[in-house]
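# Geometric and topological summary
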Number of protein chains: 4
Amino acid sequence: MTDTSIESAKRAAATQAVSEHFDPAATHVGIGSGTTIVYVVEAIKNASTNPHIRFVPTGYQSRQVIVEAGLTPIAFDSLPPDVMLDIAFDGADEVDEELNCIKGGGACLFQEKLVAERARKFVCVADYRKKQSRLLTFWPTIPIEVAPIAVPTVLHSLRSLGSSTPKLRTTLLAKSGPLKTDQDFFIIDAPFPPLLTTADVAAGKGKGDGSDGTWEVGNLSQAIKRLTGVLEVGIFSGLNGVQAEGLRGEEGDVKGRDVTIITGGQKPVAVYFGMQDGSVEVRKA
Amino acid sequence: MTDTSIESAKRAAATQAVSEHFDPAATHVGIGSGTTIVYVVEAIKNASTNPHIRFVPTGYQSRQVIVEAGLTPIAFDSLPPDVMLDIAFDGADEVDEELNCIKGGGACLFQEKLVAERARKFVCVADYRKKQSRLLTFWPTIPIEVAPIAVPTVLHSLRSLGSSTPKLRTTLLAKSGPLKTDQDFFIIDAPFPPLLTTADVAAGKGKGDGSDGTWEVGNLSQAIKRLTGVLEVGIFSGLNGVQAEGLRGEEGDVKGRDVTIITGGQKPVAVYFGMQDGSVEVRKA
Amino acid sequence: MTDTSIESAKRAAATQAVSEHFDPAATHVGIGSGTTIVYVVEAIKNASTNPHIRFVPTGYQSRQVIVEAGLTPIAFDSLPPDVMLDIAFDGADEVDEELNCIKGGGACLFQEKLVAERARKFVCVADYRKKQSRLLTFWPTIPIEVAPIAVPTVLHSLRSLGSSTPKLRTTLLAKSGPLKTDQDFFIIDAPFPPLLTTADVAAGKGKGDGSDGTWEVGNLSQAIKRLTGVLEVGIFSGLNGVQAEGLRGEEGDVKGRDVTIITGGQKPVAVYFGMQDGSVEVRKA
Amino acid sequence: MTDTSIESAKRAAATQAVSEHFDPAATHVGIGSGTTIVYVVEAIKNASTNPHIRFVPTGYQSRQVIVEAGLTPIAFDSLPPDVMLDIAFDGADEVDEELNCIKGGGACLFQEKLVAERARKFVCVADYRKKQSRLLTFWPTIPIEVAPIAVPTVLHSLRSLGSSTPKLRTTLLAKSGPLKTDQDFFIIDAPFPPLLTTADVAAGKGKGDGSDGTWEVGNLSQAIKRLTGVLEVGIFSGLNGVQAEGLRGEEGDVKGRDVTIITGGQKPVAVYFGMQDGSVEVRKA
C-alpha cells in the first residue's frame, strides 16, 4: 500500500473517533501526541462549538502539537482540582482484545496515564500494526519510567520478574546518554513473553502471577509499579473511565485497595485503528 | 533531662549498634542522615579495619556527613551491579513493635529505601521519641514522594484512601514554594489514623485493607505506591534484609508478586533507641 | 505603625501603579509574586476591558497567585515567539536611585528577568524598606542562581571577586539541604559592599570594575554572570524596556556586544513604594 | 584509509598525550568522554604509580567510561574545595590555530568546561577532522546549553547576534522531544560564519565584535553567555590553565572583570590529533 493510503486511514480513524465520541460542547479535552493525534486535533477544531474549550497536553511534544494548531494548552496541574476532563484522545503502541494497551514508545507514558485517569473516557486512535490479540506480540517491550539512580536495581528486579534483557533507553546521539522523560527520569524497555488476558487466566492458560512464567496484563503492571524506583509502567489496564465512574457512583469512595476506582480508569472505551487497506476498524469495551 | 544526656544517649545507641552489627572487615556501608548518624560514622571509623571500605550515601545531606567526616562517598549508582551493601545504618521518624518504620521527615525517603533494600541488613538508630507501639501515634503523617505535576490528583486519591488533610510540604521560605527532593520531586505529608500491625489484623482488630477505615502498615504502603504519580512511600515494611535473603536462597528468584523478596528487605533487623534517661533500648526482629 | 497601614500602603501603591501604567486593552501581562502583587492582580481585574487578556507567571508561586485569583496562567514558553508582553508587574528586594534592582529573595530571579526583558515595560511595586539610594544598603546579598555541581567553584570565584562570605541558601528544614529553584538549581547569596551607580563612577567615587574594591551595579552583574556555573544574577540593571525598544528601532538589531538591546530591558520604568505612613512614593526613569 | 588505521592513530595520539603530559604521581585527573578518551584511560592505567589516584568525570557518559575501566569515579562536587585537578584529558569537536575549541557535540559542554577550568592543564586528544585553522570551518554550529523555558527568547537573541538558523537539538527518537543535558537543560546549535582569531582582529580582518558581521572567538563566547537563559557556551577560549595560574601568581586574585584568571583557563595546553595516515600531529600553546 502507499503512504498516502496509510495517512488516509489514520485521518479516517481520527475523524470517526471524534465523530462518535466528542461532545461539541466539551470544555476540557486531553490531547496526546503522535502522528495520528494531529488529525484528531483537526477534527475537534471542526466539531467544537465551545469557544471556551481547553486542551490539556500529555507532555512536551503534545504541547507543541496544540500550539502548532493555533490552540492554547493548559498545564495539567493548572486545572482546578475538581475538574474532570470530558474526554482524552491518545495513541497506543499495542492494544489487545480486552483493550489493554502498551504506551510509552514516545517516553510520555506517565503523563499520558495521568490524563487518561482524569478523563471521563479515553479514546484511542492508532494504526493497524497496533491491533493485536495479546500484548507483546508485535511490540517487543514494556516501557517503564524509573528514577535515574535506581536503574541498576530496577534492571536486576526486572530480570527476577522474568524479563530476559531489560535495557536502558538511550538517545541515539553519540555521547548523549540515556533518554530523559518530561520528569527528567529514564526509560527502561523490558521484554516479557506475550501477556495473558484475564480471560486467558479464567480459561486456565496460566496463573498469570509470574509464578509459572506467565503474566496477566494487570498483574505484571502492578508487580513492576511496586518496585522501588519505578514511577510508572507503560501498561494501561484494569477499568476504563466509564466503568470507574460507575463503581464510584454506586458504592462510595473507599474500596479497600482497588486503586483503579479511586484514581479513575486507564483503559480506552474504544480504539479506532486505521487499517492497511484504508478502512477503519473499531474495538469497543 | 538535659540536652547533654540526650546527646549521650544518642551516641551510646550509635556505639552499641555499630558494636553489635558492624563487621570490621565490611567493604560497602550505607549511611543515612540525621544527628544520630554522625555518631554512627564516628564509631565506624574507630571500628573498621578495612582500608578499602566504601560509604554509600542516601542523598545530598548524607553525602555531606560523609565528606565532613573526611571519608569518600561513592554514588549508589556507581556501585558494580552485583554488589550488595554489607550493612546500612539510618534513622527513622517512628518505629512500631513489628519494626515497621516511618521515614522521610528529612525528604530522603526514596534513596533511603533503595539503600536499605540493597543492604544485607539495615540497622536503625533513633531517639526515644521514635519508639512507639503503633505507627502514626506521635509522628503525624506518612511522607510520600510525588511527581510535581501529579500533586492535585494524588492529594485527591489520598483523601479517598482515608487521609483527612494531606498537604504538600513547603520550604518555610517566603515565595520559595514546595520543598524539592533529591529527585526534584515534591513531598506530600498524609495523616491517617494509627496503623494496625499484622498481629492486630490476625487478632481481628480491623480488616486493615482500608475498607473498614483501618489500614495495616504494609497494605497502606502498597495502596499509596500504586497511585499514579507516587514514586515512593515513607513506610518501611514487609521483610528485613536477613529474611529476604533467606527466602531467596531457599526458593529461587521469582515468587509471583512478592516483590519484597525480589528487591530486598526494607525493615531494620534491629533498632537502637537512645532513651531520655541516657540508657539504650533495643528492639530486634 | 500598624500592620493595617502597611497593607493599605501596599494596596495604594499597587492601585496607583496599575492606574498609571496598565492599558485596559492589554493582551499579555507578566505577573510576579509576593504579597504586593496580589493587590496588583486585584487592580488589573477591575481595570481590564479585554476578555482575552493572558497572564504569564514568573514561576511556581506566581502561577499559584494567578490561579487563586480565578485567572488562567499561560506558560512563558507557550507564548508565540513574536509576542511581547504589554507590561509586567513585579516586586523587588531593593531599588537604588537609578532604578537598578536586587531581586531573588524568593528564588525566582531567573524567570523574573526573562519576563521583565520580554515586556515593553516593567513596573515595580514594593514597600518602603526596598527604597534605598544604593543597592546592598539594607538588603545584604546578591542572589545568584547556579548549577548544583558548580557550587564549590562559584563560591571560590565569588570570593575572588570580593564577596567575603557567599553562602548556599538552604530550606530551613532539617536534613532537606539546599533550596531548589524552579529550574532545580541552587541559590548562592553573596554579600558585597554597597554598589556604585554609573553616576558614582562618573563622579570618580571608584572605578567600579572591582579592581579597586568597588563595583558598579551593571559591571558586577556581568562579572558574576560570566562565571562558569552561573545561570543568572539577581541584579536588574542597564536599560529599561522603553529605552531598549527605542534603540532597537533607531539602529537595527545587531549592536556588537550590547546584549541589553538585543534581549530587552531589565530595569523598571517606574517603582511604586508603599510608605510607612500609608502614602505612595514613586521613582521614575 | 581503513577504520583500523584511524583507531591506531587515535590510540597513538592518546598514548603520546599521556606520555608527554601525565605525571605518574598525579592524584586527581579529569576525564572527558568520547571514543579517543577510552585510549587515554588505558594509557593512564599503565602509567600511573599512585594507588590513590582519583578520576573526576565530566558527565554521565564519562562516568560510564571510568566505571567500565574498573576505576572509581569521584563526583566533581565531592572534591575538597581547595583541590585542583593535576590534569584533565578530553576531546573537542574543532580546534583552531590559537587552540580555541568548540565542544558540546556530546551535550556535555558545561561540566567539561568546569573540569577544564579546575585543571592545572587541559590536554586535548582528537582525530584529524577536528584540526582546522578557524572554528566553524568544518563543524557547523556552536552548542549552547540553555534553560528549557528560555529557548524561544534565546533563539531570537541568537538571530540578532547574527546566527541565521539556530536550532533546538532533539533526540532523534520519535515523540521524545529535545535532548536533555546532565543538568536537564536543552542544547541549541547555532551556526555562525567562521570565527576570527585574536590575530585576525589584530591584522584588521574584522572588528570581531559582531558590529561588522564578524566575531572573534572569545567575544562571541562572552556575548552568548550574557544572554538570559544561557548556562554555558561550547567555546573554550581565553587563557589555558598554565597561563591562568601564572597570572594569578604574579598579580593577585582580583583583576577587574578578567574572569578567566579567576576561574582558571579553558583552553588546552596542547592538542594531539590522530591523523588519517596513522601519524600524530600536535599543536601546542
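Residues numbered from 1 in each chain as written. Chains lettered and ligands numbered in written order. Predicted model: local features only at pLDDT ≥ 70, side-chain atom pairs only at ≥ 80, totals over all residues. Heavy atoms only, no water.

Looking at an unreviewed UniProt entry, chain A carries the name Ribose-5-phosphate isomerase, with the source organism given as Clohesyomyces aquaticus. Under Catalytic activity (unreviewed entry), UniProt gives the following word-for-word description of chain A: "aldehydo-D-ribose 5-phosphate = D-ribulose 5-phosphate". Entered under Pathway (unreviewed entry) in the UniProt record, the comment concerning chain A runs "Carbohydrate degradation; pentose phosphate pathway; D-ribose 5-phosphate from D-ribulose 5-phosphate (non-oxidative stage): step 1/1." (UniProt positions renumbered as here; feature names shortened; annotations may be inferred.)

This paragraph deals with the overall build of chain A. For chain A, the helix and strand inventory stands at 9 helices and 13 strands. Here the C-alpha atoms of chain A give a radius of gyration of 19 Å, agreeing with the 19 Å that 2.2 N^0.38 yields for 285 residues. Considering only C-alpha atoms, chain A reaches an extent of 55 × 50 × 40 Å along its principal axes. Contacts spanning at least 24 positions in sequence make up 73% of the contacts within chain A whose residues lie at least 6 apart. Put simply, chain A shows about 10,000 Å² of open surface, and 51% of that area lies on carbon and sulfur atoms. One finds the centroid of the 29 positive side-chain charges in chain A at a distance of 3 Å from the centroid of its 34 negative side-chain charges. (Helix = DSSP H or I, 4+ residues; strand = E, 2+ residues; numbered from the N terminus. Rg over C-alpha atoms; globule rule 2.2 N^0.38 Å. Contact = heavy atoms within 4.5 Å. Areas by Shrake-Rupley, 256 points an atom, 1.4 Å probe, with all protein chains shown as cover. Lys, Arg positive; Asp, Glu negative; His and termini not counted. Charge placed at Lys NZ, Arg CZ, Asp CG, Glu CD.)

This next bit is on the interface of chain C and chain D. Across the contact, 43 residues belong to chain C and 43 residues belong to chain D. When chain C packs against chain D, close to 4,000 Å² is buried across both sides, 63% of that on carbon and sulfur atoms. Our count for the contact surface shared by chain C and chain D stands at 0 salt bridges. At the junction of chain C with chain D, the criterion picks out 7 residue pairs in polar contact (both at pLDDT 80 or more). (Buried area = accessible area lost by both parts, 1.4 Å probe. Salt bridge = Lys/Arg side-chain N within 4 Å of Asp/Glu carboxyl O. Polar contact = N/O pair within 3.5 Å; in protein donor to acceptor, adjacent residues only side chain to side chain.)

Between the two copies, chain C and chain D, the superposition gives an RMSD of 0.0 Å; the rotation angle is 180° and the shift along the axis is 0.0 Å. The two molecules are tied by a two-fold rotation axis, judged by turn and shift. No C-alpha of chain C approaches the rotation axis more nearly than that of C:Leu231, which lies at 2.4 Å. With an isologous cut-off of 70% or more, the 100% of interface residues of chain C that recur at the interface of chain D puts this contact in the isologous class. (Least-squares fit on C-alpha atoms with pLDDT ≥ 70 in both.)

Summed over all chains, the structure comprises 64 salt bridges over all chains. Between D:Lys103 and D:Glu112 there is a salt bridge whose closest N-O contact spans 3.2 Å. The exposure class assigned to D:Lys103 is buried, which follows from its relative accessible area of 2%. Sharing partners across several salt bridges, the network here consists of A:Glu97, A:Arg134, A:Asp200 and A:Lys205. (Buried < 20%, exposed > 50% of the residue type's maximum accessible area, 1.4 Å probe, protein only.)

Our next topic: the pairing of strand 3 (residues 87–90) of chain D. All names here are of chain D. Burial along strand 3 is two-sided: the residues Ile87 and Phe89 and Ala88 and Asp90 are all buried. Across 3 bridges, the pairing between strand 1 (residues 28–31) and strand 3 is parallel. Directly across from Gly30, in strand 3, lies its bridge partner Ala88. Sheet analysis places strand 3 next to strand 6 (residues 122–127), joined by 3 bridges and oriented parallel. What sits directly across from Phe89, in strand 6, is Val123. (Pairing = 2+ DSSP bridges.)

A word on the interface of chain B and chain A. Contacts between the two partners involve 43 residues from chain B, matched on the other side by 43 residues from chain A. Buried area between chain B and chain A, summed over both chains or domains, comes out near 4,000 Å², and the portion from carbon and sulfur atoms is 63%. Viewed at the interface, chain A and chain B are joined by 7 residue pairs in polar contact (both at pLDDT 80 or more). Among the elements of the structure, helix 4 (109–117), helix 5 (151–160), helix 7 (217–225), strand 10 (230–233) and helix 9 (259–263) of chain B are those that each provide at least two residues to the side of chain B that touches chain A. Considered class by class, the residues forming the side of chain B that touches chain A number 18 nonpolar, 15 polar and 10 charged. (Nonpolar A, V, L, I, M, F, W, Y, C, P; charged D, E, K, R; others polar.)

In this section: the sheet that holds strand 8 (residues 167–168) of chain C. Residue and element names in this part refer to chain C. As summarised here, the arrangement of the 4 strands in space is 8-9-7-10, forming an open sheet in which the pairing is antiparallel. A strand with exactly one partner marks an edge of an open sheet, and here the two such strands are strand 8 and strand 10 (230–233). Bridging between strand 7 (residues 141–146) and strand 10 involves 3 bridges; their strand directions are antiparallel. Bridging across to strand 10, Val146 finds its partner in Val230. The strands touched by helix 4 (residues 109–117) within the sheet are strand 7, strand 9 (186–191) and strand 10, with strand 10 carrying the most contacts at an inclination of about 65°. Relative to the sheet, helix 5 (residues 151–160) contacts strand 7, strand 8, strand 9 and strand 10, its axis offset from that of strand 9 by approximately 15°. (Axes fitted to C-alpha atoms, helices over the stretch in contact; angles between N-to-C directions.)

Residue and element names in this part refer to chain D. In the structure shown here, the tally under the stated rule is 0 disulfides over all chains. For Cys124, which is in no disulfide, the shortest distance to another cysteine sulfur is to Cys101 and amounts to 4.9 Å. For Cys124, a relative accessible area of 0% corresponds to the buried category. (Disulfide = S-S within 2.5 Å.)

Let us look at the sheet that holds strand 3 (residues 87–90) of chain A. All names here are of chain A. The strand order 2-1-3-6-12-13 describes an open sheet built from 6 strands, whose pairing is mixed. Looking at strand neighbours, the two that pair on one side only are strand 2 (54–57) and strand 13 (280–284), the edges of this open sheet. With direction set aside, neighbouring strand axes in the sheet form an average angle of 20°. Relative to strand 2, strand 1 (residues 28–31) is paired through 4 bridges, and the arrangement is parallel.

Residues and elements named next belong to chain A. Domain boundaries in chain A define domain 1 (3–132 + 263–284) and domain 2 (142–235). At the boundary of domain 1 with domain 2, total buried surface from both sides reaches about 1,400 Å², with 55% on carbon and sulfur atoms. The interface formed by domain 1 and domain 2 contains 1 salt bridge. The partner of Glu232 in a salt bridge is Lys113, and the shortest N-O contact between them spans 2.9 Å. At the junction of domain 1 with domain 2, the criterion picks out 10 residue pairs in polar contact (both at pLDDT 80 or more). Looking at the side of domain 1 that touches domain 2, the elements with two or more residues in it are strand 5 (101–102) and helix 4 (109–117). Considering every element that reaches the side of domain 1 that touches domain 2, the biggest residue donor is helix 4, with 4 residues. A per-class count over the side of domain 1 that touches domain 2 returns 6 nonpolar, 8 polar and 4 charged. (Domains from an automatic or database assignment.)

A:Phe192 and B:Phe192 are the most contacted members of the largest nonpolar core, which has 90 residues in total. If sequence neighbours within four positions are ignored, A:Phe192 has contacts with A:Leu136, A:Pro140, A:Ile142, A:Leu158, A:Leu161, A:Gly162, A:Ser163, A:Trp215, A:Leu220 and A:Ile224. The next biggest cluster of nonpolar side chains, apart from the first, holds 87 residues, and it includes C:Ala119, C:Leu227, D:Leu79 and D:Leu220. (Core = buried A, V, L, I, M, F, W, Y, C linked by side-chain atoms within 4.5 Å.)

Now for the environment of D:Ala92. Residues and elements named next belong to chain D. Along the chain, Ala92 turns up in the loop between strand 3 and strand 4 (94–95). Residue Ala92 is classed as buried on the basis of its relative accessible area, which comes to 8%. Taking the C-alpha atoms as reference points, Ala92 and Gly234, 142 residues apart in sequence, are found 9.8 Å from one another. Apart from the residues within four sequence positions on either side, Ala92 is in contact with Cys101, Ile102, Lys103, Cys124, Val125, Ala126 and Lys130.

The next point concerns helix 5 (residues 151–161) of chain A. Residues and elements named next belong to chain A. With 8 of its 11 residues buried, helix 5 lies for the most part within the structure. Residues Val151, Thr153, Val154, Leu155, Ser157, Leu158, Ser160 and Leu161 constitute the buried set of helix 5. Of the residues flanking the end of helix 5, it is Gly162, one or two places downstream, whose phi is positive at about 115°.

Turning to the packing of aromatic side chains, a few remarks are in order. Enumeration over the complete set of coordinates arrives at 10 aromatic pairs over all chains. Centroid distance A:Phe186 to D:Tyr60: 5.7 Å. Interplanar angle 90°. Geometry classified as edge-to-face. Here A:Phe186 is found in strand 9 (residues 186–191), whereas its partner D:Tyr60 is found in helix 3 (residues 60–68) on a different chain. Between the NZ or CZ atom of A:Lys113 and the centre of the ring of A:Phe236, over which it lies, the distance is 5.2 Å. (Phe/Tyr/Trp six-rings, centres within 6.5 Å; stacked < 30°, edge-to-face > 60°. Lys NZ or Arg CZ within 6 Å of the ring centre and 35° of its normal.)

Moving on, we get to the pairing of strand 6 of chain D. All names here are of chain D. Of all 6 residues that make up strand 6, 6 are buried, and the element is covered over most of its length. Residues Phe122, Cys124 and Ala126 of strand 6 are buried on one face, and the alternating residues Val123, Val125 and Asp127, pointing to the opposite face, are buried as well. Inspection of the sheet shows strand 6 paired to strand 12 (residues 270–274) by 5 bridges, in the parallel sense. Along strand 12, the bridge assignment pairs Ala126 with Phe273.

Let us now look at the confidence of the model for chain A. Residue and element names in this part refer to chain A. Scored by pLDDT, chain A comes out at a mean of 90, with 93% of its residues at no less than 70. Long-range and interchain partners of residues 251–257, a stretch whose pLDDT sits below 50, account for 17 contacts in this model, where long-range means more than four residues apart. Reported confidences for the modelled complex are a pTM of 0.92 and an ipTM of 0.94. (pLDDT = per-residue confidence, 0-100.)

The next thing to look at is the environment of A:Arg11. All names here are of chain A. Along the chain, the position of Arg11 falls in helix 1 (residues 3–21). Counting along the chain gives 109 residues from Arg11 to Arg120, while the straight-line C-alpha distance between them is 24 Å. Excluding residues that lie within four positions of it along the chain, Arg11 makes contacts with Tyr39 and Glu42.

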